[in-house]
Amino acid sequence: MSIKVKNLSKHFGLQKAVDSISFEAKPGKILGFLGPNGAGKSTTMKMLTAYMSPTSGDAEICGKSILTAEIEVKRLIGYLPENTPLYNDMYIREFLSFVGETYGIANLSHRVDDVIKQVGLTPEQHKKIGMLSKGYKQRVGLAQAIIHDPKVLILDEPTSGLDPNQLSDIRTLIKNLGKDKTVIISTHIMQEVEAICDEVIVISKGKIVANDTKSELKNQYKGASLEEIFRKLTN
């Protein structure tokens, strides 16, 4: 398993933002991590990427613990946070080269060329990031997440605020990336899950309330739509 989560919890004072959750994510599969706002999705993502320490429990990324191997975990993961921190005054190539240098990537110029082509940034590659549309900024965010060719991708609300054309392009890109990587997408948009995901976890009030393949989940609820299932599980 690329990701193995074991009784992971995060408390803020008396609030249990994430309450002893366990699950696994496999290579070549896209896992939808679903839940309403405030359910604990982003907190879980931050713990898995070793940007936030858990209150208890552990998670392993390709066999490396988030508790004892933080630096190694961060090298194994490509992370797209919900609000991607980009340097608006930097040019796209300049920014990706800067990120690549932090990973010590060999043949960096060639890798930047490959990633720009992969995420569809070629027409915009000589622009400053601040000049880009929301959709192209999201592509830059994905580019920085995959620049070091990570085994695991964790994407927090990757399609939020995109128009239908941008949405289609980013979905296709994520599906292609998911062919040989372990991908977790945090979202509350059911259309994204229908279009992209192979497996589904639903979290509500910090606890996992469903964990299955998309088709099996629908079978359990006698053909109900994912939106209907989501509402039943989280209301």
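On a predicted model such as this, the values are computed, not experimentally measured, just so you know.

> Before we go on, may I ask you to explain the pairing of strand S6 (residues 77–80) in this structure?
Every regular strand shows the same layout, with side chains that alternate between the two sheet faces. Side chains Ile77 and Tyr79 of S6 all project onto a buried face; the interleaved residues Gly78 and Leu80 project onto the opposite face, where all are buried too. As judged from the four bridges shared by S6 and strand S7 (residues 152–156), these two strands associate in the parallel manner. By the bridge assignment for S7, Tyr79 is matched with Ile154.

> I would appreciate a short explanation of the packing of aromatic side chains in the present structure.
The description of an aromatic ring pair rests on the distance of the ring centres and on the angle between the ring planes. Tallying each qualifying case throughout the model produces four aromatic pairs. Ring centres 5.6 Å apart and planes at 35° place the aromatic pair Phe23 and Phe33 in the tilted group. Of this pair, Phe23 sits in strand S2 (residues 15–25) while Phe33 sits in strand S3 (residues 30–34); the two residues are ten residues apart in sequence, bridging distant segments of the chain. As far as burial versus exposure is concerned, Phe23 and Phe33 are alike and both buried. Centroid distance Tyr87 to Phe98: 6.0 Å. Interplanar angle 90°. Geometry classified as edge-to-face. One end of the pair, Tyr87, is in the loop between S6 and helix H3 (92–102); the other, Phe98, is in helix H3, with eleven residues separating them in the sequence. The exposure class of Tyr87 is partly exposed, given its relative accessible area of 48%.

> Would you mind going over the UniProt feature "domain: ABC transporter" (unreviewed entry) in the protein chain with me for this structure?
UniProt records the feature "domain: ABC transporter" (unreviewed entry) at residues 3–230, using the numbering of this structure. With 36% helix and 27% strand, residues 3–230 has its two end C-alpha atoms placed 24 Å apart.

Thresholds applied
Residues numbered from 1 in each chain as written. Predicted model: local features only at pLDDT ≥ 70, side-chain atom pairs only at ≥ 80, totals over all residues. Heavy atoms only, no water. Buried < 20%, exposed > 50% of the residue type's maximum accessible area, 1.4 Å probe, protein only. Helix = DSSP H or I, 4+ residues; strand = E, 2+ residues; numbered from the N terminus. Pairing = 2+ DSSP bridges. Phe/Tyr/Trp six-rings, centres within 6.5 Å; stacked < 30°, edge-to-face > 60°. UniProt positions renumbered as here; feature names shortened; annotations may be inferred.

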